[in-house]
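Here is what each chain is made of, one letter per residue.
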Amino acid sequence: MGFPGTGKVWMNGALVEWKDANIHVASHVVHYGSGVFEGARCYDTKNGPACFRLDEHVRRLMESARIYRMDPPYDAAVIRQAILDTILANDFKACYIRPIVYRGYEALGVNPFPCPVDVAIILWEWTTMFTAESLEQGLDVKVSTWTRIAPNTLPALAKSVSNYANSQLIKMEALVEGYSEAIALDHNGFLSEGSGQNLFLVRDGALYTPPTASSVLGGITRDSVMTIARDLGFEVREQVLPREMLYLADEAFFAGTAVEVTPIRSVDKIKVGGGARGPITEAIQSRFFDIVRGESPDTHGWLSFVRSPAATGPAKSGAAKSR
Ligand SMILES: Cc1ncc(COP(=O)(O)O)c(C=O)c1O
């Protein structure tokens, strides 16, 4: 996903040109991973651009910051509005949305407190993470030799920059061994998640996913998938899952903002079910895409239209809480 290198970036309350959206190399985040971020999407619907579950993404951003004792100078309403304003300023119909809250430039040392908490919102036009065929045919994945972060090392519920050092090891190992992705086990050896997506299995008509205690990010797509599955009449079980469930599942898929709903067709070279996208995966995937594209009624209020009055909150995006 190369960048076009143009467009506007929101930095601490101002829109700046892409080429000017720079930070100093001595910024704390560069050395100590002191940043938390979000990945959300704006979809092109027949009623105009709409962000999927924007409030939940902004809430998780603020919660990630809270876990790391960061007090962003802008509140949730301001950041939400800034995201909508930046989409409008770039005139995007559909885009990936990457807000980041990070410790900036002041002093270097493990102690982050002397450094300012800065906020930026980066957007770019992006379609699928894997190929379009993967959405139909599924991915070949492996179980990673890397263990997912343990709960008493790094908090998995915080979407922190530092968690993605672990994710990179998981992803790189998968790629160099010829797989598209990998599934990590938690510190107890139970199923956790992929490098940047949650895991779902289907067996005997019920949907299974590891609980947040298995070191997974509380995925917003994960929550959407569980809601859609229940809407469609499937039983959903959030429970600790042993590795071998991967080999016994009838169907498996990943869920996340980037991967959306992507089937898994093999794990460790063992076919999942018949080795193709299964019917329950397809039903959930199809409902998911219908909702995000505005083709199904938005019964859960998941879409925030960029241009509708309902999408604009009272706050002005440039207004700082304090600085
Ligand atoms: C480690 C990890 N797990 C799960 C997810 C899926 O979360 P969401 O559906 O909120 O994008 C992501 C992506 O943000 C992630 O990075």
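The structure contained in this document is the topic of the report that follows.

### Some thoughts on the overall build of the protein
Piece 1. Summing up its helical and strand segments, the protein has 8 helices and 17 strands in all.
Piece 2. Compactness check: the protein gives a C-alpha radius of gyration of 20 Å against a globular reference of 20 Å for 323 residues, within 12% of the reference.
Piece 3. Within the protein, the proportion of its 323 residues that are buried is 52%.
Piece 4. In the protein, the share of contacts with a sequence separation of at least 24, taken over all contacts with a separation of at least 6, comes to 71%.
Piece 5. Carbon together with sulfur atoms contributes 53% to the accessible area of the protein, which is approximately 14,300 Å² in total.
Piece 6. Once the 32 positive and 36 negative side-chain charges of the protein are each reduced to a mean point, those two points are 2 Å apart.

### Here we look at the nonpolar core
Piece 1. Counting 27 residues, the largest nonpolar core has C51, I79, I83, I87 and I97 as its most contacted members.
Piece 2. Broken down by secondary-structure element, the contributors of at least two residues to this core are β4 (40-45), α2 (54-67), α3 (76-90), β6 (95-103) and β7 (117-124).
Piece 3. Once residues lying within four places of it in the same chain are set aside, the contact partners of I83 are L54, V58, I97, P99 and I121.
Piece 4. Counting 23 residues, the second largest nonpolar core, distinct from the first, contains V225, I228, A255 and V292.

### Describing a nonpolar patch on the surface
Piece 1. On the surface, a nonpolar cluster with roughly 270 Å² of combined accessible area is contributed by I23, V25 and V30.
Piece 2. Among the secondary structure elements, I23 is positioned in the loop between β2 (14-17) and α1 (28-32).

### Topic: the layout of surface pockets
Piece 1. Approximately 700 Å³ is the volume attributed to the largest pocket.
Piece 2. In terms of lining, the largest pocket is formed by 36 residues, of which the most central are Y96, R98, K159, Y164 and G196.
Piece 3. Within the residue set of the lining of the largest pocket, elements represented by two or more residues are α2, β6, β7, α5 (163-176), β10 (191-194), α6 (220-231) and β14 (251-256).
Piece 4. Looking at which element gives the most residues to the lining of the largest pocket, the answer is α5, with 5 residues.
Piece 5. Here the residues of the lining of the largest pocket are counted per class, giving 16 nonpolar, 14 polar and 6 charged.

### Some remarks on the pairing of β10
Piece 1. Two elements, strand β9 (residues 181-185) and β10, share 3 bridges in a ladder whose sense is antiparallel. Bridged to A184 within β10 is E193.
Piece 2. From the end of β9 to the start of β10, which pair antiparallel, there are 5 residues, and G189 there has a positive phi angle of about 90°.

### Description of empty space enclosed by the protein
Piece 1. For the structure on display, the rule yields 2 cavities of 30 Å³ or more.
Piece 2. Approximately 50 Å³ is the volume attributed to the largest cavity.
Piece 3. Forming the boundary of the largest cavity are R41, Y43, F52, H57, T221, G256, T257, E260 and F288.
Piece 4. If you add up the space inside the second largest cavity, you get close to 40 Å³.
Piece 5. Every residue along the wall of the second largest cavity is listed here: T128, M129, F130, T131, S134, L135, A258, V259, E260 and T262.
Piece 6. Here the lining of the second largest cavity is composed, by residue class, of 5 nonpolar, 4 polar and 1 charged.

### Observations regarding the site of the ligand
Piece 1. The full set close to the ligand counts 15 residues, and K159, Y164, E193, T221 and T257 are the nearest of them.
Piece 2. A distance of 2.7 Å is found between a nitrogen atom of the ligand and a side-chain nitrogen or oxygen belonging to E193.
Piece 3. The contact in question runs from an oxygen atom of the ligand to an N or O atom on the side chain of T221, over 2.6 Å.
Piece 4. Bound to the protein, the ligand loses 97% of the 380 Å² it would expose on its own.
Piece 5. Judged by the fraction of its atoms near the pocket grid, the ligand is located in the largest pocket.

### Quick look at unusual backbone geometry
Piece 1. Positive phi, close to 45°, is recorded for N12, a residue that is not glycine.
Piece 2. Locating N12 in the fold gives a position in the loop between β1 (8-11) and β2.
Piece 3. Residue classification places N12 among the partly exposed positions, given a relative accessible area of 28%.
Piece 4. One non-glycine residue, D91, lies in positive phi territory at about 60°.
Piece 5. Structurally, D91 is set in the loop between α3 and β6.
Piece 6. Here D91 falls in the exposed class, since its relative accessible area comes to 55%.

So, how was this worked out
Residues numbered from 1 in each chain as written. Predicted model: local features only at pLDDT ≥ 70, side-chain atom pairs only at ≥ 80, totals over all residues. Heavy atoms only, no water. Helix = DSSP H or I, 4+ residues; strand = E, 2+ residues; numbered from the N terminus. Rg over C-alpha atoms; globule rule 2.2 N^0.38 Å. Buried < 20%, exposed > 50% of the residue type's maximum accessible area, 1.4 Å probe, protein only. Contact = heavy atoms within 4.5 Å. Areas by Shrake-Rupley, 256 points an atom, 1.4 Å probe, with all protein chains shown as cover. Lys, Arg positive; Asp, Glu negative; His and termini not counted. Charge placed at Lys NZ, Arg CZ, Asp CG, Glu CD. Core = buried A, V, L, I, M, F, W, Y, C linked by side-chain atoms within 4.5 Å. Patch = residues over 30% accessible without salt bridge, like charges linked within 9 Å, V, L, I, M, F, W, Y side chains within 5 Å. Salt bridge = Lys/Arg side-chain N within 4 Å of Asp/Glu carboxyl O. 1 Å grid on protein atoms, 1.4 Å probe; cavity = no way out; pocket = protein on both sides within 12 Å on 5 of 7 lines; lining within 4 Å. Points joined across faces, edges and corners; volume = space filled by probe spheres on them. Nonpolar A, V, L, I, M, F, W, Y, C, P; charged D, E, K, R; others polar. Pairing = 2+ DSSP bridges. Near = heavy atom within 4 Å. Polar contact = N/O pair within 3.5 Å; in protein donor to acceptor, adjacent residues only side chain to side chain. Sits in = over half its atoms within 2 Å of the grid points.

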